[in-house]
Every structure is written in structure tokens, then in C-alpha cells.
Amino acid sequence: MKLAQGLKIIDDWRIQEDRFHPEQLVTNGSNFMTGNGYLGYRGTFCEWRAAQYVGCFITDTYDKADETWEELCNAPNGLYAEFSADGQALGVLENLPAGYHRTLWFRYGLQTRSLTVRAPSRAHVTLTEERFASYATLHLVPTRYKIESDRPTSVTMTWGIDGEVWDLNGTHLHGHKARGTRDGALSVTAQTGRSRITLAVASGLRVASDTVSQKHASVGSDSRKSTYRKLELNLEPETPVVIEQYMAVYSSNDLPDPRSAAVTAVDSALKSGYERMWHAHQRAWDAIWKSCDIEIEGDLTAQALLRYNLYHNIIATPAHTDHLPIGARGLSCQAYQGAAFWDQEIYNLPMFLFTQPEVARKLLTYRYKTLDGARKKARDLGYEGAFYAWVSGRTGEEICPSYFFLDVLTGRSIRNHFNDWQIHVAPDVAYTVRRYYEVTGDWEFVREYGAEILFEVARFLLSHVYYKPAEDRYELIRLLGPDEYHENIDNNFFTAVQTRYALQAAAWAFETLAEHDPERHLELTERVGFSREASRRCREVADNLYLQPSDPGSGLIEQFDGYFALEDTRPEVLKQRLLDPGEYWGWPNGVATETQVLKQADVLQTFTLHPWEFSEKQLRANYRYYEPRTQHGSSLSPSVHALVATWIGYDEDAYNYFLRSCTVDLANTNKAVSGGTFIGGIHTAACGAAWQMVVHGFLGARFYNGVLHLAPRVPFWWKRVTVPMVIRGMQLRLELDETRKLTVGATRAATGARGAVGELPVRCGKQEQRLQPGSSAAFTARG
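Residues numbered from 1 in each chain as written. Predicted model: local features only at pLDDT ≥ 70, side-chain atom pairs only at ≥ 80, totals over all residues. Heavy atoms only, no water.

*Asks:* Would you take a moment to explain the overall build of the protein for this structure?
*Replies:* Helix and strand counts for the protein stand at 18 helices and 37 strands. Against the compact-globule benchmark of 28 Å for 783 residues, the protein has a radius of gyration of 27 Å, which places it among compact chains. The principal-axis extents of the C-alpha atoms in the protein amount to approximately 85 × 60 × 60 Å. Counting only residues that meet the buried cut, the protein has 63% of its 783 residues in that class. (Helix = DSSP H or I, 4+ residues; strand = E, 2+ residues; numbered from the N terminus. Rg over C-alpha atoms; globule rule 2.2 N^0.38 Å. Buried < 20%, exposed > 50% of the residue type's maximum accessible area, 1.4 Å probe, protein only.)

In C-alpha cells form, the structure reads like this:
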């Protein structure tokens, strides 16, 4: 299948670019990236530099260089290599090469680039490079080059570490020290300006072909930031030369002497060789895919796009630790600061919750470890408890700037209230803590971490709600919901439903902990200040919190107070009102602010998190109303519409929104710049949502009230869908075949599972069976 800008799907595990598009430098650098949760190396070429947006972004290297944006650092490029044949550069910027292609094999995160150039000697020289970010050795990026010629040719390779890096918001690295010896690895160390983190990069080279004539020379560096060497080769026809280059990165947040560690890693890689490292990397990926790969027969496009998105969700996730977040742009660039938004819990985490619950646990432990940052934010704004940051880095303190966008018409900064009015991030975290327990049964997590999160979020919400005596009810005022075009609103439906759930969850944790572990209950509640009265008040506020009512006739729900009184128009109409295509549409004076046009799903978002609370009539009424009024200015929006459309039987809409969500990056459909701010890179939330659209949507597999509910409605041309899942410690395999027979097998108890149960109820329509490890159940499905 052809995508956009020369991209195409070549099989169910690979995408390819057959023609180079210079205008897609930023986009395809992200699309073709490799990564492993510790680092992300963009899909650029070995001869490129900062001007071509080369980047290797490293977790846990937050720094602020411009007094506004705290973001991750881009490391010096330890995989720089420039080739020339008889003086002719081998690169896409200098030539119109024949046989060019760039490929990403996302089964193993392997980037490949190949091109053929005609040298002045009339020789046709082909250069192929491939690289991967190792999952066996997280700090290492191995690269292999193959050079071949149809005539005797002299090839020169200049390689080393390029210290000139691309930064979005100021220069982060200073005090570079470049070192190297003739036979050992090269290295560059530098330190961040404010956070004082030392970052070290090492690079080493090995010519794997013994028959080639070669000559090494020291080039030195073109600045203190860089260091290079030169290699001269004499090629013979039909005698390819293979060269291996290794880059290792460590920071002082990893260990005290990052340079020694990086040099040692490169030296070890040079001794082990590329093949050994590749096979260890493959084994690690095979284990990952075994837990989460979804197989679709009958739709190559859907299969490849799904896997592509799952791949990006995986490599964006710091599964190696429990103190770091998933960035909204992963490790593809510095946009959105490498920090967690609500996306992490609502979009990225559910896939891991049902496939690798230990990873979901680590992500929620990160929220526990950043409670102090959330407490500080609540205190600073005059509240109690913990108000989680809208943009959360290593410490959990708020790093979202108050002035996020620029008015492109006046050049003045826009004061947005993402960091103080968008309170739903706090109950979103609490919601996920409770859901984590429901799916895994991991009471130990609740006892050690989850209960404290729930209590502190509840304390914040109790201090935020407003009691309205005239109505004898509680309200939530001065809000900003998922639809970010409308700020300073009251009684946003989504926020209220999440708040009610979070308060109920806190009361549940208080009561359950008191029953099962009185000693821990006493210690925790006294330390946090969450008393029996606080638990009682959680129940009271939850029971009396105002939620926008559902119209008894139509089932329609108003998004917030006064929404229906706003101008009723459509996104395409507002687009014509823009004076500049770069205008921000939202608060305080954007074109959408006084209209019913919303940036992204809001009421519909509520349905996806609480499907058991709403009827199909309500889903249908609200989908029909809000869908045409939604601009989809956020990559989070199409997946929500795909889910709801599936549940109400709008099959064409569901599939189209599925494709739209899965191609946000490949088709480059969302803005790279909004309101003067760069927001490009991989949209990791959409990547995580791909799993939900297939499993919760098309397969209709939703777990609530202790029961796995199944309601498949897959595209009619899908012949078979197979999904692995883990629920309550039980390893499941769901398979829907061409006859629409749905089989659920409990193949075994999940290894190391917490909260395991002896049996699991499974319901499909009116059919219900109980699964035990080693058993299976079959259902006749309608979809």
C-alpha cells in the first residue's frame, strides 16, 4: 500500500521510502527512528549533521537552556560517517542516487538505507547502512555498512563523533571534551548547563572484511565538540567491504563515570561483533512481541499499520526503570519535553496493562515517585493533596510553561491554562491506579503505592470542588477539559466523571486497606492526613457532584455549562476565518473559542473510559452530534471516534478513523507547528491507542466488574484476529476466525503474575463461560 510522500508498506513488518523527499527531513527522521526506551535515534543518514535534524535523545537528561522549556538532551552523534568514492560524496543531498531506499523493519527496530552513486571513475558504488538501538544493551547503537563497486575504486570514510547537535530551545551541552587514541574508542563528554548532568558518547570502528586494503589516519576535530578519524579503502569489483561502527551513551544519572562506561561498552561491542549483538537484540524483541503482537489476516494495511504503531509505543516506553515517564513525542525529538501528559495513563499504558502488566506497574510507580512534585504544585496553587503536573518530567514538578503558544498575528505570547485549570490529569492518574488493580489484582501495589496516590488525589479534588448551596450540590468550576480550545469553563462532563470515579476509588482503598491491613492503614492515613472523615466526604461529594445530565429524549450530554449556547458551526467554516494558517484556534481569542467547534473528543472520551455506564443510545446521540463539530486538532482524537463508532455499528467511520489514527505520523496529517510552537515528532498517544482500537474496539474485549466482556465487530474482510492478553494473572489467547467463531484460551498462568485468580468469567452477548488455566471457551460472535 502507498502511503504519503513516497512511503509505502512493503509487507506486514516493514515500511519503505523509495524516493528521497528533502521537505520531509523532520517527519521521516521520526518515522524511521529506532529506539529502546533509554534512547531514541532518529531515522537519519550517517553523513547528516544538525542541519538535517540528526538526533539521539536520552532519557533522564532534563535541562532548561532558555528559562522556559525543560527538555531532554540530544547527544553528540557517535555514528557520524561520511563516505566518498574517487572524491564523489555518497549521499542523498549531493546526488540523485539510483536504487535509493530507506526501510524500517519494525519487528526488530532496524533502519536500513541503500543508495548507488556513479563515481567520477564511472564506477557504480553502492552504500548500504543499517542500525538498531540494542534492546540487549540499552546504551548501545550498532551500525553496519556495506560498500561495493563494479570497478576498482578508492573510497574514503571520515567517521567519529559530531558534537554539533540540533536543539529546539537553546543549547544544553557545554564544556565538551573530545578524546581518542589510535586504536581505541573516540569519546566526547559534555555537561548540561543548569541540571549539571554529564553526558558521554563513545564511538568505535571495525572493518569486518579481511581482504580489503585499508589505511587509517587521525583527523582530529573541527572543534572542541567533535572528533574524527579517516579510513581509506581500495575496493575491487564483486568484493563488498563490511564496516561496523558502534555508539554508546551514558549519563551521570546512570552511573558516576559515564565516559568510562561508554568507552568500555564500545570496546566490548568491537570484540563481540555486530552479528552477536544483533542476535541478542532479536531475542529481546521476540520476547516483547510474544506478549503483545496482534495478528490480523486479510488486511495487510491494517496489520502493518498496527504493528508500526505498537512498535513506536514500545520504544517510547522506559520499561527499564520505574522513575521515568513516556514522553508525548517519545524519544523522537525534544517536542513536548520528553515528559508525561495524561496521554501516558489513558493512551500509552492500557496496552501494557493487558500485555505486560509489569511495565504498567513501573509507569504507575513513576507517578508514586513523583507525588512530591504533585504535592508542591497543589500547594503552590492553594490546594491540598497532589495535583499532578500537566507536563511531568523526572521530579513530577510542573514544567509546562504558562505561555505555551504564540499569537502569530501580533507576535505576543498566549497565556494558556494547561498547567492550572486542566485538573483532569490528577483523576486520570487515580482512574488508572484503580483500573490497574481491577485488571491485575495486584494488591501489593495498592498497599505500597496506589492507596497513597488515591488518597492524595482525593485530597486535592476535595479542596477543589465548589459547594453550591442553592442547588445543594458540588461543582467543578474554572476548568479546561480534553477539548483544549475552551478554557475557563464550568462542570466539564469528562472532568466530573473522572473526579467522581477518583473519589470513589479513594474511599474504596481506605475501606479495603482498613479491612485487610489495619497496621498499614493506620500508618498511611496518619502520614498522609486522610482520615475516616475524608473517606466519608469522598463518598458524599461523589454522590452529590454535578454531572451534565443526559437528555431523556435524545441522550445528548452537554460538554460543559453553556456549550450549547455557543455559535453552532463546523471546523471547515472556521478554517476560512483564519487570517494566518498558523493561528492557534483556542483560548483566549482563537476562532474556535466562542463556537461549538472542539479540538478533540471530550464527551466521547468519557465513554471510552467508562463504557459500562452508558447506553448505546447515549453513545450514538453524542457521536452524531459531536463528531462533525470536532476538528481533530489533536492526534488523540481519531482513536476515540474509532472506538465509539465501532461500538455503535458505524463500521465505515470506525475503520476510517482507525486508519487516520494509525497514519498520523506516516501521512503527516497533524501540524508540526501550532501557534508558533514546534510540536512535531512521533505521536506516541496515537501509537498506544492503536492497540485499544483493535482490542477494545473491533474485538470488543473490555474487562470490568470482574468479567471479560466480548463484543466483536471486526471489518468483514478480516479473516482472523489473534490477540494475547493477561488478565488477573491468567495468560489468554483470543482468536476470532473467518466463521466468526471466537475462542478464548487460557494457555497458562502468566509468569510471575500478581493477583492470580483460579477462574475468569468471560461473556459474549448472552453467553457466559468460566475459564481456568489450561481451558478454553468458544463463542459465536456477530462481528
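*Asks:* What should I look at first to understand the sheet that holds strand S3 (residues 34–35) in this one?
*Replies:* Backbone hydrogen bonds hold the strands of a sheet together, and the pairing may be parallel or antiparallel. Read from one edge to the other, the open sheet built from three strands follows the order S3-S4-S5, with strand pairing classed as antiparallel. A single partner strand is all that each edge strand has here, and the edge strands are S3 and strand S5 (56–58). Looking at chain direction, strand S4 (residues 39–41) and S5 are connected through three bridges and run antiparallel. Paired with Tyr41 across the bridge in S5 is Cys56. (Pairing = 2+ DSSP bridges.)

*Asks:* Is there a simple way to think about the sheet that holds strand S35 (residues 760–764) in this case?
*Replies:* Here four strands make up an open sheet; going across it, the order is S30-S31-S35-S36 and the pairing mixed. If you trace the sheet from one side to the other, it starts and ends with strand S30 (702–704) and strand S36 (767–771), each paired once. Neighbouring strand axes in the sheet, compared pairwise and without regard to direction, differ in orientation by 25 degrees on average. Where S30 lies against strand S31 (residues 707–710), three bridges are found, and the strand directions are antiparallel. Bridge pairing links Tyr704 to Val707 in S31. (Axes fitted to C-alpha atoms, helices over the stretch in contact; angles between N-to-C directions.)

*Asks:* Would you take a moment to explain helix H2 (residues 258–272) for this structure?
*Replies:* Structural remark: α-helix, 3.6 residues per turn; residues separated by three or four positions point the same way. Its 15 residues place the ends of H2 21 Å apart at the C-alpha level, agreeing with the 21 Å of an ideal helix rising 1.5 Å per residue. For H2, every residue scored as buried is listed here: Pro258, Ala261, Ala262, Val263, Ala265, Val266, Ala269 and Leu270. Looking at the buried side of H2, the elements it contacts are strand S13 (140–149), strand S16 (186–192), strand S17 (198–207), strand S20 (241–251) and helix H3 (274–292). (Expected span 1.5 Å × (residues − 1). Contact = heavy atoms within 4.5 Å.)

*Asks:* Would you explain the packing of aromatic side chains in this entry?
*Replies:* The geometry of an aromatic ring pair is captured by two quantities: the separation of the ring centres and the angle between the planes. Overall, the coordinates contain 63 aromatic pairs when judged by the stated rule. Between Phe132 and Tyr274, the aromatic rings sit 5.5 Å apart at their centres with planes inclined by 70 degrees, giving edge-to-face as the arrangement. Of this pair, Phe132 sits in the loop between strand S12 (124–131) and S13 while Tyr274 sits in helix H3, and the two are 142 residues apart along the sequence. Three or more aromatic residues joined by ring pairs form one cluster here, namely Trp69, Tyr336, Phe341, Trp390, Phe404, Phe405, Phe418, Tyr485, Tyr584 and Trp585. Sitting over the face of the ring of Phe45, Arg113 holds its NZ or CZ atom 4.4 Å from the ring centroid. Sitting over the face of the ring of Tyr546, Arg473 holds its NZ or CZ atom 3.8 Å from the ring centroid. (Phe/Tyr/Trp six-rings, centres within 6.5 Å; stacked < 30°, edge-to-face > 60°. Lys NZ or Arg CZ within 6 Å of the ring centre and 35° of its normal.)

*Asks:* Mind showing me how you'd approach the nonpolar core here?
*Replies:* Phe83, Ile243, Leu710, Met725 and Leu732 are the most contacted members of the largest nonpolar core, which totals 251 residues. If you tally residues by element for this core, the top one is helix H10 (residues 493–516), at 14 residues. Those residues in contact with Leu710, other than ones at most four positions away along the chain, are Gly700, Ala701, Leu734, Leu742, Val744, Val762, Arg763, Cys764, Gly765 and Phe779. (Core = buried A, V, L, I, M, F, W, Y, C linked by side-chain atoms within 4.5 Å.)

*Asks:* Sorry, what's going on with the pairing of S12 here?
*Replies:* Along any regular strand the residues' side chains alternate between the sheet's two faces. Counting buried positions over the eight residues of S12 gives seven, a clear majority of the element. Note that strand S11 (residues 110–118) and S12 share eight bridges and pair antiparallel. Within the sheet, the bridge partner assigned to Ser114 lies in S12 and is Thr128. A loop of five residues connects S11 with S12, the two strands running antiparallel in sequence, and Arg122 in this loop sits at a positive phi of about 75 degrees. Relative to S13, S12 runs antiparallel, the two sharing seven bridges. Its bridge partner lying in S13, Glu129 is registered against Tyr145.

*Asks:* When you look at the side chain of Ser291 in this model, what are you seeing that I'm missing?
*Replies:* Its location among the elements puts Ser291 in helix H3. For Ser291, a relative accessible area of 16% gives the class buried. A polar atom in the side chain of Ser291 sits 2.6 Å from the backbone oxygen of Ile288. Discounting residues that sit within four places of it in the chain, Ser291 has contacts with Thr355, Gln356 and Pro724. (Polar contact = N/O pair within 3.5 Å; in protein donor to acceptor, adjacent residues only side chain to side chain.)

*Asks:* Teacher, can you tell me more about the pattern of salt bridges here?
*Replies:* It is possible for side chains of opposite charge to pair when their charged atoms get near one another. Applying the stated criterion to the full structure yields 50 salt bridges. As a salt-bridge pair, Arg361 and Asp442 come within 2.7 Å of each other at their nearest N and O atoms. Of the two residues, Arg361 sits in helix H6 (residues 357–369) while Asp442 sits in the loop between helix H8 (425–440) and helix H9 (443–464), which places them 81 residues apart along the sequence. Given a relative accessible area of 2%, Asp442 falls into the buried group. Across the salt bridge formed by Asp651 and Arg713, the nearest N and O atoms sit 2.8 Å from each other. With a gap of 62 residues between them, Asp651 in helix H17 (residues 651–662) and Arg713 in the loop between S31 and strand S32 (720–727) connect regions that are remote in the sequence. When its relative accessible area of 24% is taken as the criterion, Arg713 is described as partly exposed. The network of salt bridges with shared partners includes Asp372, Arg375, Glu384, Glu452, Glu456, Arg459, Arg520, Glu523 and Arg527. (Salt bridge = Lys/Arg side-chain N within 4 Å of Asp/Glu carboxyl O.)

*Asks:* Can you help me understand the pairing of S11 in this one?
*Replies:* Within S11, eight of the nine residues are buried, which leaves the element mostly enclosed by the surrounding structure. Relative to S11, strand S10 (residues 98–105) is paired through six bridges, and the arrangement is antiparallel. Paired with Ala98 across the strands is Thr116, a residue of S11. Between S10 and S11, which follow one another and run antiparallel, lie four residues, and Gly109 among them has a positive phi close to 60 degrees.

*Asks:* Any chance you could explain H10 here in plain terms?
*Replies:* An ideal rise of 1.5 Å per residue puts 34 Å on 24 residues; H10 measures up with 34 Å between its terminal C-alpha atoms. In terms of residue burial, H10 counts as a mostly covered element, since 19 of its 24 residues are buried.

*Asks:* Please clarify how the environment of Ala335 should be interpreted in this entry.
*Replies:* Tracing the chain through its elements places Ala335 in the loop between helix H4 (300–315) and helix H5 (343–355). Residue Ala335 is classed as buried on the basis of its relative accessible area, which comes to 2%. With 266 residues separating them along the chain, Ala335 and Trp69 place their C-alpha atoms 9.6 Å apart.

*Asks:* How should I be thinking about the packing of H17 against helix H18 (residues 684–698) in this particular structure?
*Replies:* A pair of packed helices can be characterised by two numbers: the angle between their axes and the separation between those axes. Packing of H17 against H18 leaves a shortest axis separation of 9 Å and a crossing angle of 160 degrees. The angle between H17 and H18 falls in the class roughly antiparallel. In this structure, H17 meets H18 at a crossing whose hand is left-handed. Across the interface between the two elements, Ala654, Tyr655, Tyr657, Phe658, Ser661 and Cys662 from H17 touch Ala686, Ala690, Met693, Val694 and Phe698 from H18. Classifying every residue of the contact of H17 with H18 by side-chain character gives ten nonpolar, one polar and no charged. (Parallel < 35°, antiparallel > 145°, perpendicular 65-115°, else oblique. Left-handed = near helix turned anticlockwise from the far one by under 90°. Nonpolar A, V, L, I, M, F, W, Y, C, P; charged D, E, K, R; others polar.)

*Asks:* So what exactly am I meant to see when it comes to the environment of Arg118 here?
*Replies:* Secondary-structure assignment places Arg118 in strand S11. According to the relative accessible area criterion, Arg118 is partly exposed, its value standing at 45%. Counting along the chain gives 31 residues from Arg118 to Ser149, while the straight-line C-alpha distance between them is 9.6 Å. If we ignore the near neighbours within four places in the chain, the residues touching Arg118 are Gln88, Ala123 and His124.

*Asks:* Mind showing me how you'd approach the environment of Thr68 here?
*Replies:* The residue Thr68 is located in the loop between strand S6 (63–64) and strand S7 (70–71) in this model. According to the relative accessible area criterion, Thr68 is partly exposed, its value standing at 33%.

*Asks:* Help me understand the state of the cysteines in this model?
*Replies:* Structurally, a disulfide amounts to a covalent bond that connects the sulfur atoms of two cysteines. Across all of its chains, the model carries zero disulfides by this definition. This cysteine, Cys662, is not joined by any disulfide, and Cys687 carries the nearest cysteine sulfur, 8.5 Å off. According to the relative accessible area criterion, Cys662 is buried, its value standing at 2%. (Disulfide = S-S within 2.5 Å.)

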